[in-house]
Amino acid sequence: MFSPAGLTMLAPHVLVAAPFFFAGPAYAVWVPVILVTTVVLGRLAFNRLRDPFPGAGGYSIRGPVLAVLVTVTVLVELGALLAVRLVVVPDPRTGFGHAITADSWSAAWSALVQPLLGIIAVVLLLAFLGRRGLGRWAAWARRSDFPEEAGRPLRTAVLLTVVAVPFLLPLLFAGGGVALTAGPVATAEYGKILFCAALAFVVAQESHRFQGGRLSDGFADIRRAAARHGYGSALPALCRNYRFLLLPLGVFAVVAVASGLRHDFGTIVPAALATMGVTWYATRHNLDRNRLPGESGRHGFAIVAAYRLFVGAAVLLIAATLALLTTDYIGERGRVWNDPWRFRWDAPCAVVDAPAHVDQDVPDGRVACLRSLAADAESERSQVSRAIAATADGGLWGRGLHDRVSAAVPAGSTDFVLAVVWNKLGGLVVIAAGLLLALLSAALVRAATLDPAAGRPSLLVLFAAGLGTMLTGQFLFVLAATANVVPHTGIPAPLLSRGGQSTLAIGMGVALLLAVARADGPADRAARAPGLRPVTASALSAVLIVIVAVLTTVPYAAPRIGSLRLPTTYSPNRPICDSRTPDLDGLGSPGPDPEQCSTDLITLARTRVAVSFPGGGRLVLDRHSGDWTPENRDELAGMEADDLGRLLSAAGPLRTSYPRVMEISSGTSLRERLAPAPRDRVDGDLALTIDPARQHRIAAALHDEPSAAVVILDASTGRVLVSASTPGTAAAGDVDDEAQRDFAEEHDNYVRRDDAGQVDDSTADADCRRRSRDGAGQDQCWRWSYADPGRTPRPDGVLGQSYPYGDALTPVWAAAPAGTATRLGLRVGRCDGPQRWTADRLTGTAVSCVPDPSTPTGAHGTPLTLAVLAGAVGNGGRAVHPRIVERITYPATGLSDVTPARPPVAAFPPEVAEQLKASDYPLSDGLHVDLVTAGSLQWVCGFTPDGKTAFAAVVPAQSGADRLLSAIRTTIGDR
């Protein structure tokens with residue numbers, strides 16, 4: 001059904017598409033469309049490029065041409081599939097029915113549809129031109145002899161102007177800062193293809209001159225000639241003698257200066273790589289042609305020696321260009337490169353009181369807050385460390401396309417797409433992608449080499465050498481920047497990064513090259529010997545393997561230029577650095593010491609922690625979304641994470657009291673990076689005393705209460721059986737795009753506070769620069785933003801929130817001896833000190849406090865405190881230390897620690913307990929119950945007749961406690 005060539009094109013596409021197809025239900029819609037489109041694109045080009053006289057073996061297309069078609073379409077397919085996974089449908093949990101929405105289609109239009117349609121249009125256009133005389137242009141492109149012409153200076157000036165235009169056009173449309181596009185068109189991407197063509201043209205005219213020589217010898221010859229004929233001819237002689245060197249460097253200099261004016265240094269590197277590829281090819285061609293028959297041995301050193309003149313001149317030119325255009329941008333990138341682990345990833349917003357005109361601009365459902373330039377800039381500088389962390393997390397085999405942790409990598413679909421590929425598919429796939437680009441580079445040169453015996457390389461071959469070297473070198477540079485071997489410059493990975501116009505420009509260049517090479521029909525197949533390769537496959541493979549191996553072995557490293565130890569490697573098992581607190585002081589806090597702690601939040605997100613319950617059920621934390629996922633649902637008796645209220649929230653007692661479990665990373669080991677990633681492994685665990693069935697029942701009873709909390713306690717052991725509270729304010733919905741734009745237009749400037757301490761960000765402040773070499777003064781600059789009040793951390797209602805007690809403690813104070821408050825764990829006197837409670841482990845809970853030891857007036861505290869008090873009354877004055885955690889498993893070590901039961905405390909004499917039971921806790925429907933109103937709240941607390949179970953609850957007074965008390969009776973009765 002398929003020819004061998006057809007199968008060669010189809011099989012790689014299917015293999016690439018298969019893992020994406022099974023990554024999630026939504027991809028079953030997009031992946032087949034991309035697969036069919038790229039295969040059809042390749043087949044369309046295949047039909048146009050077939051030889052009319054197929055050779056032996058049944059192939060109807062040249063091997064290098066087929067290699068170009070296979071590699072370029074496979075890479076385009078891989079880039080398109082990555083765009084679908086990262087941009088079009090970024091959440092693999094998206095259902096089949098939501099695969100195509102307005103948002104996904106909008107993203108797909110620019111990332112997928114436009115470049116694919118553009119490439120198809122280019123192929124059809126070239127096919128049309130092939131029937132209308134493209135052969136004349138092809139014959140000119142295959143020329144290798146360009147005679148001396150009188151109009152060469154004018155032609156050179158026109159050429160340099162044409163090359164500069166696409167790189168300078170964005171300046172006309174830029175309002176300041178980095179200029180990347182001219183309107184909707186990224187002209188610089190097309191300019192790089194034009195640059196390769198212009199470079200090939202100027203080198204082709206003087207290609208025979210690339211044979212080495214020393215610069216000093218040339219100057220000596222010119223001095224001798226000038227001495228004989230006059231120094232007036234020295235400059236023209238110099239230009240003629242080194243025109244082969246000056247012209248390609250001049251073309252490169254035009255691009256370098258134009259890119260510097262646009263503050264876009266990402267185009268300088270591809271231009272330098274293309275320049276190196278074209279001139280290196282010309283040099284190697286000449287040396288190969290001059291080799292003696294039968295000469296043996298590799299001549300790589302000879303090529304390097306012959307090329308040294310151009311390398312020296314190019315290095316000087318690049319250094320001069322960067323010195324001329326040195327800006328804070330370069331200094332900042334160098335600072336990040338020197339040690340990327342110094343920068344924290346998070347940049348919260350501090351909620352503060354805002355002026356009336358700012359509150360009016362804040363979208364509905366949001367509150368005003370201040371953003372710090374220092375915090376935002378530090379977060380932006382963490383891009384490289386996030387990319388390295390993603391590669392360390394992926395290891396050699398990757399985490400799978402269904403994984404969502406790599407969303408922490410900024411620009412994951414563009415600048416750092418290789419980090420995301422590494423994280424999801426593994427370092428081995430990154431190596432394979434690099435080898436595919438190397439194969440494409442070599443195949444381009446071979447496809448353009450129609451006469452290998454020619455004395456000089458043709459313009460077409462030099463264009464192929466420049467384009468291929470630019471693609472391969474750009475991939476290596478992006479990989480090196482991802483590994484922090486070189487500073488990050490914002491260069492995308494060719495054909496893989498989301499950038500429709502970049503892919504379209506490369507596709508146009510490849511299609512034009514193949515069409516021109518094919519236009520005059522096939523030459524003698526015997527003459528089609530392999531062309532010269534601009535890169536050596538073995539050397540490239542070695543570079544790829546070394547980078548992947550080093551980054552896999554030692555991910556936490558930094559050059560640390562200027563330190564006593566360089567480079568520096570950090571331990572992978574450091575504790576996580578403290579996050580900034582969402583207040584003004586926290587946003588301006590100094591950065592961490594990377595030797596003491598780690599800023600790698602991906603290892604923290606990867607560290608799986610759980611809370612388990614009696615019977616074997618547990619909830620596992622998904623740090624990416626903040627959700628707790630049930631496991632062993634049958635053992636949870638219907639309980640969900642919402643039934644625990646704010647117990648598991650960021651400000652809840654478990655997260656604040658057990659940071660060594662909840663907020664620490666298990667680190668990353670070499671074994672984990674070399675072996676396939678473990679599945680569903682739980683690193684840390686808190687075994688809770690809560691009964692899932694009873695927790696679920698009480699949580700259901702609280703469902704309609706605006707603000708309430710219930711705790712049920714085993715009064716003989718201290719185990720907390722139920723800890724339920726209302727969840728509080730839910731997160732608001734998304735802000736619509738128009739409201740976001742309106743707010744950004746009014747509040748887009750970082751400014752310093754005025755004399756009155758106010759922030760007026762209506763006009764820019766010249767002293768608040770986003771780009772800075774050292775970040776000096778940025779901590780004094782602020783701008784207004786907004787935050788979701790529902791996402792503001794709130795304490796748990798049972799263990800962490802303090803309520804007024806009213807007269808709930810009055811009977812105890814009237815009957816109990818002095819010191820009872822202290823023995824019960826209540827703080828006496830000042831109530832604004834460090835938070836603590838009776839159980840040492842619960843250090844993060846809100847304090848229960850009595851301001852005056854002689855009277856309970858003004859006392860406040862948690863429901864758990866009153867449950868302990870009620871339990872003491874039911875147990876003859878003995879108060880237990882409450883426990884909610886029975887066993888701790890630490891993720892950093894994997895070791896477990898059992899929480900010991902602490903002995904009861906004699907809070908007051910037995911006779912006082914009997915007196916309080918009789919007077920304040922009457923028996924009602926099987927429970928001793930005390931009801932107390934405290935302002936707008938009503939307390940209900942009590943215990944069972946045998947004293948083994950105690951409880952306490954607080955509800956709004958207008959709601960009443962009858963329904964909740966009925967649920968408590970039922971729950972305790974089932975115990």
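Residues numbered from 1 in each chain as written. Predicted model: local features only at pLDDT ≥ 70, side-chain atom pairs only at ≥ 80, totals over all residues. Heavy atoms only, no water.

Novice: Can you tell me about the overall build of the protein chain, naming the residues and giving the values?
Specialist: Of the regular secondary structure elements, the protein chain holds 34 helices and 24 strands. Each of the 975 residues in the protein chain was classed as buried or not, and the buried ones make up 53%. Summarising the internal contacts of the protein chain: among those between residues at least 6 apart in sequence, 73% fall at separations of at least 24. As presented, the protein chain carries roughly 41,700 Å² of accessible surface, and 59% of it is formed by carbon and sulfur atoms. (Helix = DSSP H or I, 4+ residues; strand = E, 2+ residues; numbered from the N terminus. Buried < 20%, exposed > 50% of the residue type's maximum accessible area, 1.4 Å probe, protein only. Contact = heavy atoms within 4.5 Å. Areas by Shrake-Rupley, 256 points an atom, 1.4 Å probe, with all protein chains shown as cover.)

Novice: Can you lay out the packing of helix α18 (residues 417–425) against helix α20 (residues 459–482) for me, pointing to particular residues and giving the numbers?
Specialist: In helix packing, the relevant descriptors are the interaxial angle and the interaxial distance, both defined with respect to the helix axes. It is the contact of α18 with α20, at a shortest axis distance of 9 Å, that shows an interaxial angle of 75°. Accordingly, the angle class assigned to the pair α18 and α20 is roughly perpendicular. Here α18 contributes L418, A419 and W422 to the contact with α20, which in turn contributes F475, V478, L479 and T482. For the contact of α18 with α20, the per-class residue count stands at six nonpolar, one polar and no charged. (Axes fitted to C-alpha atoms, helices over the stretch in contact; angles between N-to-C directions. Parallel < 35°, antiparallel > 145°, perpendicular 65-115°, else oblique. Nonpolar A, V, L, I, M, F, W, Y, C, P; charged D, E, K, R; others polar.)

Novice: Explain the environment of L425 to me, using residue names and the numbers behind them.
Specialist: Tracing the chain through its elements places L425 in helix α18. A C-alpha to C-alpha distance of 7.4 Å links L425 and G394, two positions 31 residues apart in sequence. Excluding residues within four positions of it along the chain, L425 makes contact with F20, L396, W397, G398 and L401.

Novice: Any details on the sheet that holds strand β18 (residues 885–889)? Residues and values, ideally.
Specialist: On the basis of which strands lie adjacent, the open sheet formed by six strands has the order β7-β6-β5-β8-β18-β19 and mixed pairing. What marks the edges here is a single partner per strand, and that holds for β7 (627–631) and β19 (896–898). The average angle at which neighbouring strand axes cross in this sheet is 20°, direction not considered. Two elements, strand β8 (residues 684–688) and β18, share four bridges in a ladder whose sense is antiparallel. Residue pairing for β18: L688 is matched across the bridge by V885. (Pairing = 2+ DSSP bridges.)

Novice: I'd like to hear about helix α3 (residues 63–88), residue by residue, with values.
Specialist: Compared with an ideal rise of 1.5 Å per residue, which puts 26 residues at 38 Å, α3 spans 35 Å between its outermost C-alpha atoms and is within 8% of the ideal. In terms of residue burial, α3 counts as a mostly covered element, since 21 of its 26 residues are buried. (Expected span 1.5 Å × (residues − 1).)

Novice: So, unusual backbone geometry: which residues are in play, and what are the values?
Specialist: With a phi angle near 70°, L495 is a residue other than glycine that sits in the positive phi range. For L495, a relative accessible area of 2% gives the class buried. You will see that N632, though not glycine, has its phi angle at about 55°, which is positive. Of note, N632 is situated in the loop between β7 and α25 (653–657).

Novice: Tell me about the sheet that holds strand β9 (residues 709–714), residues and numbers included.
Specialist: The strand order across the open sheet formed by six strands is β10-β9-β24-β23-β22-β21, and the pairing between neighbours is antiparallel. The strands lining the two open edges of the sheet, one partner per strand, are β10 (720–725) and β21 (923–924). Bridge count for strand β22 (residues 927–934) against strand β23 (residues 937–943) is seven bridges, and the pairing is antiparallel. Looking at the pairing, V929 lines up with G942 of β23. Against the sheet, helix α32 (residues 863–874) makes contact with β9, β10, β23 and β24 (949–956), and its axis sits at roughly 140° relative to β24, the strand it touches most.

Novice: Describe the packing of aromatic side chains, naming the residues involved and giving the relevant values.
Specialist: Under the definition given, this model contains seven aromatic pairs. Plain terms: the ring middles of F21 and F22 are 5.2 Å apart, the flat faces sit at 85° to each other, and that makes the pair edge-to-face. Chaining the aromatic ring pairs together yields one cluster made of Y803, Y805 and W939. Against the face of Y556 rests R574, its NZ or CZ located 5.4 Å from the ring centre. Over the face of the ring belonging to W782 we find R753, whose NZ or CZ atom lies 5.7 Å from the ring centre. (Phe/Tyr/Trp six-rings, centres within 6.5 Å; stacked < 30°, edge-to-face > 60°. Lys NZ or Arg CZ within 6 Å of the ring centre and 35° of its normal.)

Novice: So what's going on with the pairing of strand β2 (residues 367–372)? Residues and values would help.
Specialist: With five of six residues buried, β2 lies mostly within the body of the structure. In terms of strand pairing, β2 meets strand β12 (residues 781–787) through six bridges, oriented antiparallel. Bridging across to β12, V367 finds its partner in A787.

Novice: Give me the lowdown on the side chain of Q938, citing residues and values where you can.
Specialist: Mapped onto the fold, Q938 is located in strand β23. Residue classification places Q938 among the buried residues on the basis of a relative accessible area of 15%. A distance of 3.4 Å separates the side chain of Q938 from the backbone nitrogen of A961, its partner in a polar contact. Q938 has contacts with L931, V932, T933, A953, V954, V955, P956, A957, G960 and A961, leaving out every residue within four places of it along the chain. (Polar contact = N/O pair within 3.5 Å; in protein donor to acceptor, adjacent residues only side chain to side chain.)

Novice: Any chance you could break down a negative patch on the surface for me, citing the residues and the numbers?
Specialist: A surface patch of negative charge is lined by D103, D364, D736, D737, E738, D742, E745 and E746. If one sorts the elements of the negative patch by residue count, helix α29 (residues 737–746) sits on top with five residues. Along the chain, the position of D364 falls in the loop between α15 (356–361) and β2. What makes D364 exposed here is its relative accessible area of 75%. (Patch = residues over 30% accessible without salt bridge, like charges linked within 9 Å, V, L, I, M, F, W, Y side chains within 5 Å. Salt bridge = Lys/Arg side-chain N within 4 Å of Asp/Glu carboxyl O. Lys, Arg positive; Asp, Glu negative; His and termini not counted. Charge placed at Lys NZ, Arg CZ, Asp CG, Glu CD.)

Novice: Give me the lowdown on the layout of surface pockets, citing residues and values where you can.
Specialist: Approximately 970 Å³ is the volume found for the second largest pocket. Going through the elements one at a time, α4 (102–130), α8 (187–205), α14 (328–338), α17 (383–394) and α21 (500–518) are the ones with two or more residues in the lining of the second largest pocket. For the lining of the second largest pocket, the per-class residue count stands at 13 nonpolar, 16 polar and 10 charged. (1 Å grid on protein atoms, 1.4 Å probe; cavity = no way out; pocket = protein on both sides within 12 Å on 5 of 7 lines; lining within 4 Å. Points joined across faces, edges and corners; volume = space filled by probe spheres on them.)

Novice: Give me the nonpolar core: which residues, what numbers.
Specialist: Core analysis: the largest hydrophobic core is formed by 138 residues, its most contacted members being L112, F195, L440, L496 and L514. With 16 residues, α3 is the largest single contributor of residues to this core. Dropping the residues within four chain positions of it, F195 is found in contact with V163, V251, F252, V255, A271, A274 and T275. In terms of nonpolar packing, the next biggest core, distinct from the first, is built from 66 residues, Y658, W813, L824 and V912 among them. (Core = buried A, V, L, I, M, F, W, Y, C linked by side-chain atoms within 4.5 Å.)

Novice: Give a detailed account of a nonpolar patch on the surface, specifying residues and quantitative values.
Specialist: A cluster of nonpolar side chains, I100, W105, W109 and L117, forms an exposed patch at the surface whose accessible area comes to about 430 Å². Among the residues examined, W105 registers a relative accessible area of 44% and is labelled partly exposed.

Novice: So what's going on with empty space enclosed by the protein? Residues and values would help.
Specialist: Scanning the model with the defined rule gives 10 cavities of 30 Å³ or more in all. Estimated volume of the largest cavity: approximately 130 Å³. Taken together, 15 residues line the largest cavity, and the ones lying closest to its centre are D393, R399, G667, T668 and E672. For the lining of the largest cavity, the elements supplying multiple residues, two or more each, are α17, α24 (601–606) and α27 (670–674). Across the lining of the largest cavity, the residue classes break down as three nonpolar, five polar and seven charged. Roughly 110 Å³ of volume is contained in the second largest cavity. G79, A80, A111, P115 and T503 are the residues nearest the centre of the second largest cavity, which is lined by 15 residues in total. Residue assignment for the lining of the second largest cavity shows that the elements contributing at least two residues are α3, α4 and α21.

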